[in-house]
Amino acid sequence: SAKGPSPAGNKTPFKKPTSKSGDSGPAPKKLFDDIEEGDTVHVTSGKYASSAVYVVYSVGSHSCKLKLSDGNVSGNVKKSSLIAVGKGLATESSSGDESDEPPFSVTALVIGASQDPTKEAFREAEQANVEFRKRHARSRNCPGELPDTLTDVVAVQRFLEHESENGVEVAVKRFVGRCDTNSLTRKAFLNKLNRLLNDDPGDPSLYILYYAGHGTESTDATLHCSPGAFCMQPIDEGFVSIDDLVNAWHGPDIGLRRGKRFLVVADSCHSGALVEALRAVHEERVRCRQPNLNMAVQSACGADESAYGGTFTNAFLHFQEHSGDFDWHDYDQKQKQHPDYFSTWGGKSLETSAGFKMRLFRRTVRS
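The structure contained in this document is the topic of the report that follows. Throughout, residues of each chain are indexed from 1 in the direction in which the sequence is written. Per-residue local features of the predicted model are confined to residues with pLDDT of at least 70, and side-chain atom pairs are confined, for both listing and counting, to 80 or more; whole-chain, interface and lining totals are unaffected and use all residues. Heavy atoms from the whole structure form the basis of all side-chain values; hydrogens and water molecules are not counted.

1. Considering the environment of Asp 244
Helical segments are the DSSP runs of H or I of at least four residues, strand segments are the runs of E of at least two, and each set is numbered from the N terminus. You can see Asp 244 is positioned in helix α4 (residues 242-250). Remark: exposure states derive from per-residue accessible area (1.4 Å probe, protein chains only) relative to the maximum for the residue type, with buried under 20%, exposed over 50%, and partly exposed in between. Taking relative accessible area as the criterion, Asp 244 reaches 12% and is therefore assigned buried. In this structure, the C-alpha to C-alpha distance between Asp 244 and His 224, residues 20 residues apart in sequence, is 8.2 Å. The contact criterion used throughout is that any non-hydrogen atoms of two residues lie within 4.5 Å. Not counting residues up to four positions away in its chain, the partners in contact with Asp 244 are Arg 186, Leu 190, His 224 and Phe 239. N or O atoms within 3.5 Å of each other form a polar contact, as long as, within protein, one can give a hydrogen and the other can take it, and as long as residues adjacent in sequence are counted only when both atoms are side-chain atoms. Of note is the side chain of Asp 244, whose polar atom sits 2.9 Å from the backbone nitrogen of Ser 241.

Structure below.
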């Protein structure tokens, strides 16, 4: 829940004049030509053209048949009109004998920022084996201390590690930055993210980044700052934006991520702006016939809202295990937050035959 008002107010540390970047993104890439049954695709032209995600039902020489959202099978669809989303990455349990399937592997970076360094926090970090440095360069331009990012990190860590009991291989890396140090700079954050995405020898199927800390509604291209960006310390040395997250995941060739997915969960003020930004990136990639990113963002609140401590993370974790009796009002009685999500593959959950399930959550009705 990082996020509610700090002693200086809400979690928007400052505002600066808007500036725009002229980056037009990578050039369009050709569709891969090895379409197989079970792959997921977009259709860019013809009767079935849509940003929806379809599963390939059967494959012919020049066309395919697709399984539609209503369960029916389409007519012939030209291969030239298809854009790959994933290579056989199912979101539902597969049929048949699954005993020989390799374990579904998850690696996660669970990170908190601007934690107030109380004695209780040190004790909690030690008990949970969370890195929470006692000595580091003194902070300057701190966006404001937060009382519960460490508690949120520990809760998410324990939830993910519990999934190991369901036959899912889960590796969790965690770090919490203190508000009185510069232990979580922009450079340090991106180094940790790049190690998460590129250095895991287990070849994970799903990568998760969970962030609890300050978010901003400001824009400043010189500081890599855009609405929803994560506030690092010191804030005058740069933020972590949606462009940073997309670029880190995309790497030199998004084709190398085929069959894998990247989920960002942001418990921070204005995090809904990240959802809006990823949706815009995805729509542009579809228009340019570029491969699907296989990426999703779950926000704690709307783009114009603050995220309050003790609200979203507790609710989100409860929702994972008790979606049938979940009531957002139990956690946000004043109805100040409206979580949202967007996944480029069109789904609202991640499900595998190995037993792992992560549901995404949206609250659309504003009071």
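2. Considering the pattern of salt bridges
What makes a salt bridge here is a side-chain nitrogen of Lys or Arg within 4 Å of a carboxyl oxygen of Asp or Glu, nothing more. Inspection of every chain in the model, using the stated rule, returns four salt bridges. The partner of Glu 161 in a salt bridge is Arg 174, and the shortest N-O contact between them spans 3.7 Å. In this pair, Glu 161 is assigned in helix α2 (residues 149-162) and Arg 174 in strand β7 (residues 169-178), connecting sequence segments 13 residues apart. Judged by relative accessible area, Glu 161 falls into the partly exposed class, the value being 34%. A salt bridge links Glu 284 to Arg 287; its shortest N-O distance comes to 2.6 Å. In this pair, Glu 284 and Arg 287 are both assigned in helix α5 (residues 272-287), three residues apart and thus about one turn of the helix distant. Its relative accessible area of 59% is what places Arg 287 among the exposed residues.

3. Quick word on the nonpolar core
By nonpolar core is meant a set of buried Ala, Val, Leu, Ile, Met, Phe, Trp, Tyr and Cys residues that side-chain atoms within 4.5 Å join together. Residues Val 110, Leu 160, Ile 208, Leu 263 and Met 358 are the most contacted members of the largest nonpolar core, which totals 38 residues. Elements that contribute at least two residues to this core include exactly β6 (105-115), α2, β7, β8 (206-212), β9 (261-267) and α6 (312-321). Looking at which element gives the most residues to this core, the answer is α2, with six residues. If we ignore the near neighbours within four places in the chain, the residues touching Leu 263 are Leu 206, Tyr 207, Ile 208, Leu 209, Ala 296, Leu 350, Met 358 and Leu 360.

4. Examining α5
Note on helix geometry: an α-helix contains 3.6 residues per turn, so any two residues three or four positions apart are oriented the same way. In a regular helix each residue adds 1.5 Å, so 16 residues correspond to 22 Å; α5 covers 23 Å between its end C-alpha atoms and thus fits that length. One or two residues past the end of α5 sits Arg 289, with phi positive at roughly 60 degrees. Under the convention used throughout, the expected extent of a helix is 1.5 Å for every residue step, that is, one less than its residue count.

5. Examining the environment of Phe 159
Along the chain, Phe 159 falls in helix α2. For the pair Phe 159 and Glu 321, spaced 162 residues apart in the sequence, the C-alpha separation amounts to 9.9 Å. Here Phe 159 is in contact with Leu 317, Gln 320, Glu 321 and Met 358, once residues within four sequence places are set aside.

6. Examining the packing of helix α3 (residues 186-198) against α4
Axes, fitted as lines to C-alpha atoms, cover a helix only where it is in contact. Angles between the N-to-C directions of the axes lie from 0 to 180 degrees. It is at 10 Å that the axes of α3 and α4 come closest, and there the two elements cross at 30 degrees. Pair α3 / α4 crosses with right-handed handedness. Contacts between α3 and α4 involve Arg 186, Leu 190, Leu 193, Asn 194 and Leu 197 from the former and Asp 244, Leu 245, Ala 248 and Trp 249 from the latter. Residue polarity follows a fixed list, in which Ala, Val, Leu, Ile, Met, Phe, Trp, Tyr, Cys and Pro are nonpolar, Asp, Glu, Lys and Arg are charged, and the others, Gly among them, are polar. Considering only residue class, the contact of α3 with α4 consists of six nonpolar, one polar and two charged. Left-handed describes a crossing whose near helix is turned anticlockwise from the far helix through less than a right angle; right-handed describes the clockwise counterpart.

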